[in-house]
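Here is what each chain is made of, one letter per residue.
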Amino acid sequence: MNVVVLSELGQRREHVAWSLFHDFEDALVSTCNAKIFYPEAPKATQALKIFHRIQSRLTKSWYKIPELPISAKGPNVLLLLSMGPGFLLSVFGVEEILKKFDYCLAYVDDAFLPSYIAPYVLDKIDYLFVGIAELARDIQNELKISVGFIPSAVDALNNSSCSLNRNIDVLNYGRTQQDVHTVLQSYFNQPNTDFFYFHSTFKGAHISNSREHRMLMWKLLRHSKISMCFEASNVARFQGYSPFLLRWAEGFAGGCAIVGRRPYGEGVAELLDWEDSTFELPEASEDWLPFILNLLEDKERLRAVSLRNYRHALLKHDWRYRIVTMLKAVNLPIPDALKAEIQCLQERALRAI
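Keep in mind the model is a prediction, meaning the values are calculated, not measured. (Residues numbered from 1 in each chain as written. Predicted model: local features only at pLDDT ≥ 70, side-chain atom pairs only at ≥ 80, totals over all residues. Heavy atoms only, no water.)

**Q** Would you explain empty space enclosed by the protein in this entry?
**A** Empty space among the atoms becomes visible once a probe the size of a water molecule is rolled across them. With the rule as written, the count across this model stands at 3 cavities of 30 Å³ or more. Estimated volume of the largest cavity: approximately 80 Å³. Forming the walls of the largest cavity are V3, L28, C32, V77, L79, L105, I323, M326 and L327. Of all the secondary-structure elements, those providing two or more residues to the lining of the largest cavity are α1 (20-32), β3 (76-82) and α11 (319-329). For the lining of the largest cavity, the element with the highest residue contribution is α11, accounting for 3 residues. Partitioning the lining of the largest cavity into residue classes produces 9 nonpolar, no polar and no charged. (1 Å grid on protein atoms, 1.4 Å probe; cavity = no way out; pocket = protein on both sides within 12 Å on 5 of 7 lines; lining within 4 Å. Points joined across faces, edges and corners; volume = space filled by probe spheres on them. Helix = DSSP H or I, 4+ residues; strand = E, 2+ residues; numbered from the N terminus. Nonpolar A, V, L, I, M, F, W, Y, C, P; charged D, E, K, R; others polar.)

**Q** What's the story with the sheet that holds β3 in this structure? I'm lost.
**A** Strands pair in a sheet through their backbones, by hydrogen bonds, and they do so in one of two ways: parallel or antiparallel. Read across the open sheet, the 6 strands follow the order β2-β1-β3-β4-β5-β6; overall the sheet is parallel. The open sheet is flanked by β2 (35-37) and β6 (147-149), the only strands paired with a single partner. Taking each pair of neighbouring strands and ignoring which way they run, the sheet shows an average axis angle of 20°. As paired elements, strand β1 (residues 2-7) and β2 share 3 bridges and run parallel to each other. Paired with V5 across the two strands is I36, which belongs to β2. Together, β5 (127-130) and β6 form the strand contacts of helix α3 (residues 133-143), whose direction differs from that of β6 by roughly 170°. (Pairing = 2+ DSSP bridges. Axes fitted to C-alpha atoms, helices over the stretch in contact; angles between N-to-C directions. Contact = heavy atoms within 4.5 Å.)

**Q** How should I be thinking about the packing of aromatic side chains in this particular structure?
**A** Aromatic ring pairs are reported here in terms of the distance separating the ring centres and the angle at which the planes meet. Within the structure shown, the criterion is met by 12 aromatic pairs. Relative to Y120, the ring of F92 lies with its centre 5.8 Å away and its plane at 65°, an arrangement referred to as edge-to-face. In this pair, F92 sits in the loop between β3 and β4 (103-108) while Y120 sits in the loop between β4 and β5, placing the two residues 28 residues apart along the sequence. Ring centres 4.7 Å apart and planes at 20° place the aromatic pair Y127 and F129 in the stacked group. The exposure classification of Y127 matches that of F129, with both residues buried. An aromatic cluster is built from Y187, F188, F195 and Y197, whose rings are joined through pairwise contacts. (Phe/Tyr/Trp six-rings, centres within 6.5 Å; stacked < 30°, edge-to-face > 60°. Buried < 20%, exposed > 50% of the residue type's maximum accessible area, 1.4 Å probe, protein only.)

**Q** Would you explain the sheet that holds strand β8 (residues 197-199) in this entry?
**A** On the basis of which strands lie adjacent, the open sheet formed by 5 strands has the order β8-β7-β9-β10-β11 and parallel pairing. With one partner strand each, in any of the chains shown, β8 and β11 (279-280) form the two edges of the open sheet. Pairing geometry for strand β9 (residues 224-230) and strand β10 (residues 257-261), over 5 bridges, is parallel. Bridged to S227 within β10 is I258. Contacting β7 (168-172), β8 and β9, helix α5 (residues 178-188) crosses the sheet at an angle of about 140° to β8.

**Q** Please clarify how the pattern of salt bridges should be interpreted in this entry.
**A** Should their charged atoms come close, side chains of opposite charge can pair. If you walk through the whole model with that rule in mind, you get 14 salt bridges. A salt bridge links D276 to R301, with the shortest nitrogen-to-oxygen separation between them at 3.0 Å. Placement of the pair is D276 in the loop between α8 (268-271) and β11 and R301 in helix α10 (residues 299-316), with a sequence separation of 25 residues. Each member of the salt-bridge network shares a partner with another, and the members are D155, D318, R320 and E341. (Salt bridge = Lys/Arg side-chain N within 4 Å of Asp/Glu carboxyl O.)

**Q** For this particular structure, what's the right way to read the side chain of S306?
**A** With respect to the helices and strands, S306 occurs in helix α10. The buried category is assigned to S306, whose relative accessible area is 3%. With residues near it in sequence (within four places) discarded, S306 still touches C162, R166 and G255.

**Q** Help me understand unusual backbone geometry, please; the structure alone is not making it clear to me.
**A** Excluding glycine, residues mostly carry a negative phi; peptide bonds, for their part, are mostly trans. Cis rather than trans, the peptide bond between G74 and P75 has omega equal to -10°. If you trace the backbone, P75 turns up in the loop between α2 (46-59) and β3. Of note, K144 is a non-glycine position whose phi angle comes to about 55°, a positive value. Here K144 lies in the loop between α3 and β6.

**Q** What exactly am I supposed to notice about the packing of helix α6 (residues 210-222) against helix α7 (residues 246-253) here?
**A** Each packed pair of helices is defined by two parameters, the angle between the axes and the distance between the axes. Between α6 and α7, the shortest axis-to-axis distance is 9 Å and the interhelical angle comes to 55°. In terms of orientation, α6 lies oblique with respect to α7. Judged by the sense of rotation from one axis to the other, the crossing of α6 with α7 is right-handed. Along the contact surface, α6 presents R214, M217, W218 and L221, while α7 presents L246, E250, G251 and A253. Its residues assigned to classes, the contact of α6 with α7 comprises 5 nonpolar, 1 polar and 2 charged. (Parallel < 35°, antiparallel > 145°, perpendicular 65-115°, else oblique. Left-handed = near helix turned anticlockwise from the far one by under 90°.)

What follows is the structure, encoded as structure tokens:
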């Protein structure tokens, strides 16, 4: 099987949200020998960007695509990795050779409205996968195309940890709840305490190097006892959905206890279906600090939570399982390398019991 990937990561390396594709791409390369390509979009001023948005509705694509490899043995599979539906237009950059691919698949991670998908893209894509279950249903109902739910995941095989060496008591990185941060900061990071609260001190979502950012995040997670995670339905970009996001999968794989607010979207319960997978903060703000301190004091429980979360990340939140789901959806064969790496995940999980 020849798997060719067009990834939006090449154009969005400076934005933290797109860094999740590093793990996905790495898993595709190791299991499917995928060839990754980053379509080139022209650099543009804001005015030119607006022009290109209009142009895209007329000429469909302005992405520059390098020559893609086609295998005589096949099957040939083209996979688009996109944060939003706009990048799906890149398929028109390969329109001349698209007929040489047996399948054209697409994965869109972020939330959007079905109407955001340009209608002339639909007949080019055989199967669309999205990261939100309700969105998959809405697209199916409105656009009548083949669509499936593929939640966020991580490369747990290479990055997970259940280490006992955890010097960070609470990790609260990236998108945070300001009122919770204020409570934690006012106690944990004061000179007269021995606690270590690691948190963001920046605003915005741009980073200097997305690969280095991923490496740093894994290091922080491996050394943290608690990771703060909050459901995201109040964030505009999630369109009112409450999905399972990358930070939960990261926290589980890092062996952290997850504290905050649990997502409640469709399909999420099945992704968090083990004891103490998440801890809900009390409703009253005056109870937040005692709740977290009590959890930190219960070292035996924290260790059990760390092992369980690590184990379930290996069993259900690695991208390799998501790749199997995608391949099965279109009746494609499961590569031997993919089977072998899933076996490694499962064997490692058994050793953690």
